[in-house]
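Commentary on secondary and tertiary structure
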Amino acid sequence: VPDAPASWEAVLAVAEAEGCAPLCWSRGAAVIRSRAPRAVADAFRARTIAVAARAARQVESLRGTLAALEAADAAPVVLKGAPLALLAHGDALVR
């Protein structure tokens, strides 16, 4: 776990580039809060909140679609995204 501010900024940059900043925050918020500069911790948290809001909208949208397909006797399969993460892992951020 890096202690230097420049290292934490690099960790944040890589996490955002790889799309895993919310996963990092959900699993390591205590460490990030205690060791990273405030601006980096705030950025991890803000990114997680934004992704969680988007994931919630995706899941809500999918519920209506799944209901319509099931009403038509179709067997839908969720293949990717926040809805799949929610179904598979119980957490839309773990993807």
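Let us look at the structure shown here. Quick caveat: nothing in here was measured; it's all calculated off a predicted structure.

Considerations on the nonpolar core
Residues Trp8, Leu12, Ala15, Ala21, Trp25, Ala29, Ile32, Ala36, Val40, Ala41 and Phe44 constitute the largest nonpolar core, which totals 11 residues. For this core, the secondary-structure elements that each account for two or more residues are helix 1 (5-17), helix 2 (21-35) and helix 3 (38-71). Element by element, the count of residues in this core is highest for helix 2, at 4 residues. Filtering out sequence-adjacent residues up to four positions away, Val40 remains in contact with Trp8, Glu9 and Leu12.

Focus on the packing of helix 2 against helix 3
When two helices pack together, their arrangement is given by the angle between the helix axes and by the axis-to-axis distance. Running from amino to carboxyl end, helix 2 crosses helix 3 at an angle of 145 degrees, the nearest separation of the two axes being 9 Å. In this structure, helix 2 meets helix 3 at a crossing whose hand is left-handed. Mapping the contact onto sequence places Ala21, Pro22, Cys24, Trp25, Ile32 and Arg33 in helix 2 and Ala41, Phe44, Arg45, Arg47, Thr48 and Val51 in helix 3. Split into classes, the residues belonging to the contact of helix 2 with helix 3 amount to 8 nonpolar, 1 polar and 3 charged.

Conventions adopted
Once a new chain begins, its residue numbering starts again from 1 and follows that chain's sequence as written. It should be noted that, the model being predicted, local features are given only for residues of pLDDT at least 70 and side-chain atom pairs only at 80 or more, the latter also being counted only at that level, while totals for whole chains, interfaces and linings use all residues. With hydrogens and water stripped out, all remaining heavy atoms of the structure feed into the side-chain values. Nonpolar core, defined: a set of buried Ala, Val, Leu, Ile, Met, Phe, Trp, Tyr and Cys residues in which side-chain atoms within 4.5 Å join the residues together. Here the term buried applies to any residue with accessible area under 20% of the maximum for its type, exposed to any over 50%, and partly exposed to those in between, with areas from a 1.4 Å probe on protein chains only. Per the convention used, a helix needs a DSSP run of H or I reaching at least four residues, while a strand needs a run of E reaching at least two, with both numbered from the N terminus. Two residues qualify as a contact provided that any one of their heavy atoms is within 4.5 Å of a heavy atom in the partner residue. Structural elements are reduced to axes, namely lines fitted to C-alpha atoms, with helices fitted over the stretch in contact, and the angle between N-to-C directions of any two is expressed from 0 to 180 degrees. Left-handed describes a crossing in which the near helix is turned anticlockwise from the far one by less than a right angle; the clockwise case is right-handed. Asp, Glu, Lys and Arg are counted as charged, while Ala, Val, Leu, Ile, Met, Phe, Trp, Tyr, Cys and Pro are counted as nonpolar; the rest, among them Gly, fall into the polar class.

All quantities given are derived from atomic positions and should not be read as evidence of function.
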